[in-house]
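Here are the chains, one letter per residue:
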Amino acid sequence: MQHDHRFASRETRMKASEIRELLKLLDQPDIISFAGGIPDPALFPADAFRRAYADALTGAAAGAALQYSTSEGHAGLRDWIAGHMAELGVACAPDNIIITSGSQQALDYLGKLFLSPGDTALVGWPTYLGALQAFNACEPNFDRLEPMGNRAPEDFSARAREKGGTVKFAYVSPDFANPTGETLTRAERQRVLDLADALDIATIEDGAYQSLRYDGEAVPPILALEIAKKGDIDACRTIYCGTFSKTLSPGLRVGWVCAAKDIVSRLVILKQAGDLHSATINQAAMNAVTRETFDEQVATTRTVYRARRDRMLAALEREMPEGVTWTRPEGGMFVWLTLPAGMDGAALLARSLESARVAFVPGKAFFADGSGANTIRLSFSCASEATIDEGIRRLGGLIRTGA
């Protein structure tokens, strides 16, 4: 039976994630994968989580760990996150925090909160594919956000009106962005704030990779810059999305939103309608593990990923032919390659899987308008240094021959 005629109009905008599909290749032992932007499971603090779950299921604590919980989230974990945000320059209280099922759920809820069909979201060109997917279900239009571009605020508003809506928010991942690995300077972050003020819109700040800095000087989050200007988080329009997926464990699906209490209270209502609350026992375990080993775990992860990033950059210098350029990220998990004009990343992937047995993500999926065909994303987080050398050697040879 065909159900297409019964589906809502938004269903036509919902596409399968190329990245999620490519993750299936990890089960093939002869594939060298630079595809999935996933953390190395060998680095997970499994012993700390084992102890945390044992404690959560012992004695009187077991009843609470296995019970329904509040939609706002575990009180102890929210308290820890508030302290963590303070270390980043974001003065806030636990009431400014809501726990979500990963930061992906936060993006889904924020799209639902702000976007009506025909409204406009400002995003990077390229930007995080998961954000495009989350927002797409709300049937918006996308316009190009360039932090240091010359477009006047009135131009964004006029284009949105032409398409039957208004600009609702700017979405940015300012630190080691997925997919490019690039970081916004302080001036660029301030420009985003100024644009949001001029348009009277929200800023959604995706801080998924905030903790994974390997080089350079840390730049304050956009929310911290706004608080410094306005004096109180409850007077701010920036909404910070954080996650433990890149530092402690993606499988537990624990993320958070830090924002003005008015925004948090509305997200609580969405969560009550969505999944009631994030898994109670996972939040309890995460609270224990963050307090035991967060700083140590982040330091270890940085050391390992820094070495892998350096190895990939060195291999690219050695193996890539003339006409290929790439980013040099100060942190995160990704290097973004621009191929020679006319070379298609998706076609290159098909040939690479067949002959070189190297996987990566074609860049086109990260562009709201389907452009960027001659770009690809490489992830170094799950590859050994020897594997990086061999994979980049094979990929470079394939690009060099144009085959």
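Look up: the structure comes first, before these words.
Residues numbered from 1 in each chain as written. Predicted model: local features only at pLDDT ≥ 70, side-chain atom pairs only at ≥ 80, totals over all residues. Heavy atoms only, no water.

Asks: Any chance you could break down the packing of helix α5 (residues 102-114) against helix α10 (residues 261-274) for me, citing the residues and the numbers?
Replies: Two numbers describe how α5 lies on α10: the axes approach to 10 Å, and their chain directions differ by 105°. Relative to α10, α5 is oriented roughly perpendicular. Contact residues: α5 offers Q105, Y109, L110, K112, L113 and F114, while α10 offers I263, R266, L267, L270, K271 and G274. Class assignment of the residues belonging to the contact of α5 with α10 gives a composition of 7 nonpolar, 2 polar and 3 charged. (Axes fitted to C-alpha atoms, helices over the stretch in contact; angles between N-to-C directions. Helix = DSSP H or I, 4+ residues; strand = E, 2+ residues; numbered from the N terminus. Parallel < 35°, antiparallel > 145°, perpendicular 65-115°, else oblique. Contact = heavy atoms within 4.5 Å. Nonpolar A, V, L, I, M, F, W, Y, C, P; charged D, E, K, R; others polar.)

Asks: Tell me about the packing of aromatic side chains, and please be specific about residues and values.
Replies: Each aromatic ring pair is specified by the distance between its two centres and by the angle formed by the two planes. This structure, assessed with the given rule, holds 10 aromatic pairs. Look at W80 and F294: their rings are 5.0 Å apart centre to centre, the planes differ by 70°, and that puts the pair in the edge-to-face class. Of this pair, W80 sits in helix α4 (residues 75-87) while F294 sits in helix α11 (residues 280-319), placing them 214 residues apart in sequence. Across the pair, F294 and W80 agree in class, each one buried. Between Y209 and F334 the ring centres are 5.7 Å apart and the planes differ by 80°, which places this aromatic pair in the edge-to-face class. Residue Y209 is found in the loop between β6 (202-206) and α9 (222-230), and its partner F334 is found in strand β10 (residues 334-338); the two are separated by 125 residues along the sequence. Note on Y209: relative accessible area 5%, which makes it buried. On the basis of relative accessible area, F334 is assigned to the buried category, the value being 0%. Cluster of aromatic residues (ring-pair linked, three or more members): W80, F244, W256 and F294. A cation over a ring is seen here: R151 above F156, with NZ or CZ 3.8 Å from the ring centre. (Phe/Tyr/Trp six-rings, centres within 6.5 Å; stacked < 30°, edge-to-face > 60°. Buried < 20%, exposed > 50% of the residue type's maximum accessible area, 1.4 Å probe, protein only. Lys NZ or Arg CZ within 6 Å of the ring centre and 35° of its normal.)

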